[in-house]
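Examination of the molecular architecture
In case you want the letters, here they are:
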Amino acid sequence: MPRLYTTQTNFASGEVDPLMNFRSDTGAFRNGAVTLKNAVLFNTGGEARRPGTTAGATLLTHARLVPFEFSSDERYVIAFTAGRIDVYDMDAVLVVTVATGGNWTAGDLFEFSYSQVADTMIVCHPDWAPQVVTRTGAATFTITDFAFTSSSNGEKVYQPYFKFVDDAVTLSVSAVTGTGVTLTASSGVFTADMVGDRIRWQDTEIEVTAFTNTTTMTGDILGTLEGEYDNNPFAVAEGSGTVEVTHVLHGFATADVVTISGSGATGGITAAQLNGNKTITVIDDNTYSFASGGTATESVDGGGPVVKYTGANLATRTWLEPAFAARNGYPGAVTFHEGRLWFGGSSGVPDGLWSSRIFNYFNFDVGDGSAADSIQLTVGASEVSNVRHLVSNNDLQIFTAQAEFIAKAPREQSLSPASTIIQRQTPYGSNAVKPLVFDGATLYVQSAGTAVREYIYSDSTARYSSSNLNILSSHMISTPYDMAVLYGGTDRSEQYAILINDDGTAAVFHSARSENLAGWTPWTLGGTGTPQFKAVAVVGEQVFFSVLRAGVYRLEKYSQDFAISVDGSTRYNTGVATNLWVVDAIYFGKTVAVTSGNYYLGEFAVDGSGNIDVVVDVLSIRVGYTYEHTIKTLPVDVDLQTGRTTGRPKRIVRIFVGLDSAQSLSIQGNRLILRQVDDDFSLDPVAITGTYEFRMLGWQKDAFVELIQPEPLPCKVLGMTLEVSV
């Protein structure tokens with residue numbers, strides 16, 4: 001029987017779908033595995049037992065974890081629960097609780113959008129008004145309602161406005177100034193929850209103070225009712241005293257009295273004859289006329305650049321409601337981009353986009369449409385696109401429930417009211433998981449929750465694409481609802497995206513685009529029963545999890561130290577070696593795994609008072625919960641001159657495993673031996689780095705290699721060479 005050699009040089013493709021068993025022609029087959037449980041992948045191609053987690057504070061209940069980075073040395077992780085926040089430091093120790101003021105419910109936690117700049121975080125959800133979480137000191141935070149900037153006299157609130165009712169519906173006001181005026185709609189569109197809102201009649205705001213019925217309300221006029229015509233709104237004809245007024249969608253009726261001001265002389269008709277109270281005759285929806293009392297000497301357009309009009313009981317179509325209010329919903333998406341705060345996607349305007357003025361985040365005044373003014377537009381797709389997320393990357397990226405878009409301006413220009421256009425890019429749609437920038441792209445979860453895609457610009461097509469990242473590892477994704485990305489840890493440069501699945505597992509994606517490396521690994525929690533990952537956040541270089549153990553939610557910190565190889569762990573030290581220890585209350589009545597240096601001491605029961613006997617005398621112990629680290633390769637397949645060996649009986653004779661700092665490993669029952677009979681057993685065992693040989697027995701048609709760790713100790717596997725007999 002010939003003996004052949006095949007080498008798996010890396011595990012860069014991660015854990016692949018079992019349906020790949022016969023795809024030995026692919027790179028994923030050569031560089032992947034059927035199982036890579038609780039492993040981390042390296043840029044160099046190897047894998048390792050993932051580091052464990054360290055125990056932190058007990059959480060109130062199921063919480064969403066959100067990073068808050070004020071500066072490089074003042075970072076926090078915020079646990080959002082219904083109506084409150086608990087703020088923790090980088091050691092998972094509680095800093096402060098703000099127990100009131102939050103609008104979010106338990107059902108909103110993984111649906112709201114947030115964005116932060118400096119000491120301010122904006123939190124949004126379509127069902128409630130935006131809120132502001134502010135760091136007011138190193139150990140103090142507040143929750144307040146988002147408040148738009150007001151004018152100094154209080155007559156204007158610089159918020160977005162929108163006409164939600166049919167365009168033909170008019171609004172008339174019983175006076176041009178004053179309080180307690182009557183507002184009348186031409187159709188029944190008013191509702192009681194409009195009380196307290198400001199509506200706009202042309203450019204004047206009216207605060208609603210009382211609701212009478214669906215066509216009648218009472219309000220206070222803030223200033224004077226006054227509208228402004230477009231430039232040179234009047235047209236006169238030689239020999240006639242009639243003035244035609246261009247006023248698009250005016251809504252007025254014949255015999256209404258309009259008071260005009262600011263007009264200059266036009267075509268021989270004096271300013272005095274053009275200004276004042278005028279009884280109008282409606283010509284069409286955009287034009288009406290009045291008698292000036294003079295006679296034009298030429299046919300011209302005129303009036304001037306600032307001609308204004310007013311009048312009591314004028315029924316205008318040009319009236320607007322707040323874009324964000326109880327009756328029309330609130331923005332569901334938020335981000336900061338190019339010096340502006342952006343909102344997107346309310347229930348009333350699901351495809352709406354609104355930006356603040358530049359570097360004036362609470363001011364959404366459209367002004368005269370200059371470059372610094374607020375930008376307000378809609379996505380404008382063929383179907384209504386519900387905006388779910390806004391992401392600031394090279395472009396402003398817009399993720400909707402139906403498709404993906406960008407907001408862009410002409411080359412070398414910033415977004416502005418005049419230059420911004422919306423372009424559709426890909427047709428997949430996203431779910432509620434917040435998209436995140438990762439390895440040159442933006443990761444998002446597709447609407448159905450079965451695919452994770454990367455939104456990335458292609459120079460060759462001059463468009464964005466959305467590749468499916470888990471196409472060869474579809475089993476890894478189970479309706480994820482939370483995601484965080486680590487751009488590089490405290491000791492290594494690998495990048496990881498961590499997704500929390502609805503079954504309590506974590507799916508971890510490693511990517512190094514420059515080296516064409518991409519692979520998934522599944523993580524499960526160590527502990528008795530069925531402990532679950534429930535939420536994740538990355539703050540700087542630190543990863544935090546909310547975990548559920550025996551009905552209790554806890555904050556745990558991913559250690560990134562490969563020497564820590566148990567979960568939910570705490571280290572205890574003493575000056576005198578002992579076998580008797582007292583541990584924290586979180587371990588009372590539990591069975592825990594105990595390590596000490598390079599030794600695994602075993603699993604021990606903790607009594608109801610925290611006492612534990614580890615049998616041997618040691619100076620320190622680490623107490624936690626073990627988890628399984630397993631590598632199972634795809635079936636061994638060798639390419640012979642007579643064809644591939646797929647399905648043919650074969651025997652793996654020897655396995656040469658490349659190891660780094662390995663302290664525990666077993667292959668098909670053959671254990672890694674760290675000790676020799678002549679070793680000094682008073683010293684810690686030395687971890688193995690190098691190539692280690694395992695000898696095997698048995699013939700199989702689908703021969704594979706399974707590596708497990710019988711003890712929770714560090715182990716890195718760089719690759720393996722198999723000697724195969726066919």
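A few points about the overall build of the protein
Secondary structure assignment for the protein yields two helices and 63 strands. By the compact-globule yardstick of 27 Å for 726 residues, the protein is too spread out, its C-alpha radius of gyration being 34 Å. Sorting the 726 residues of the protein into buried and exposed places 54% on the buried side. Expressed as a percentage of contacts within the protein between residues at least 6 apart in sequence, the contacts between residues at least 24 apart total 62%. Charge centroids of the protein, computed over 47 positive and 75 negative side chains, lie 9 Å from each other.

Overview of the sheet that holds strand β27 (residues 281–284)
One open sheet holds the five strands; their spatial order is β27-β28-β24-β23-β29, and the pairing between them is antiparallel. At either end of the open sheet lies a strand with only one pairing partner, and these are β27 and β29 (300–302). Direction aside, neighbouring strands of the sheet carry axes that sit 30° apart on average. Pairing between β27 and strand β28 (residues 287–291): three bridges, direction antiparallel. Across the sheet, Val282 pairs through a bridge with Tyr288, a residue of β28.

With respect to the nonpolar core
One finds Phe80, Ile85, Trp104, Val123, Val133, Phe141 and Phe545 to be the most contacted residues of the largest nonpolar core, which totals 57 residues. Counting residues per element, this core draws most heavily on strand β48 (residues 532–539), at six residues. If sequence neighbours within four positions are ignored, Trp104 has contacts with Phe80, Thr81, Ala82, Gly83, Arg84, Ile85, Leu109, Val123, Trp128, Gln131, Val133 and Ile143. Counting residues in hydrophobic clusters, the runner-up holds 35 residues, among them Trp201, Leu274, Tyr288 and Ala296.

Looking at unusual backbone geometry
Both trends apply: most residues other than glycine have a negative phi, and most peptide bonds are in trans. Positive phi outside glycine occurs at Ala92, with the angle close to 65°. Following the sequence through the fold, Ala92 ends up in the loop between β10 (84–88) and β11 (94–98). Here Ala92 falls in the buried class, since its relative accessible area comes to 4%.

A closer look at the packing of aromatic side chains
Here the structure, examined in full by the defined rule, presents 38 aromatic pairs. Ring plane angle 70° and centroid distance 5.0 Å describe the contact between Phe146 and Phe148, whose orientation is recorded as edge-to-face. Under the relative-accessibility criterion, Phe148 is labelled buried at 16%. With a centroid separation of 5.9 Å and 85° between ring planes, the pair formed by Phe234 and Phe290 is classed as edge-to-face.

Considerations on the sheet that holds strand β34 (residues 352–355)
Working definition: the strands of a sheet are paired by backbone hydrogen bonds and lie parallel or antiparallel to each other. With antiparallel pairing, four strands are arranged side by side in an open sheet as β32-β33-β34-β35. In the strand order of this sheet, the two ends are held by β32 (333–337) and β35 (376–378), each with one partner. Between one strand and the next, the sheet's axes are offset by a mean angle of 20°, whatever the strand orientation. Pairing of strand β33 (residues 340–344) with β34, which is carried by three bridges, proceeds in the antiparallel orientation. Note that in β34 the partner of Gly344 across the bridge is Leu353.

Conventions used here
Residues numbered from 1 in each chain as written. Predicted model: local features only at pLDDT ≥ 70, side-chain atom pairs only at ≥ 80, totals over all residues. Heavy atoms only, no water. Helix = DSSP H or I, 4+ residues; strand = E, 2+ residues; numbered from the N terminus. Rg over C-alpha atoms; globule rule 2.2 N^0.38 Å. Buried < 20%, exposed > 50% of the residue type's maximum accessible area, 1.4 Å probe, protein only. Contact = heavy atoms within 4.5 Å. Lys, Arg positive; Asp, Glu negative; His and termini not counted. Charge placed at Lys NZ, Arg CZ, Asp CG, Glu CD. Pairing = 2+ DSSP bridges. Axes fitted to C-alpha atoms, helices over the stretch in contact; angles between N-to-C directions. Core = buried A, V, L, I, M, F, W, Y, C linked by side-chain atoms within 4.5 Å. Phe/Tyr/Trp six-rings, centres within 6.5 Å; stacked < 30°, edge-to-face > 60°.

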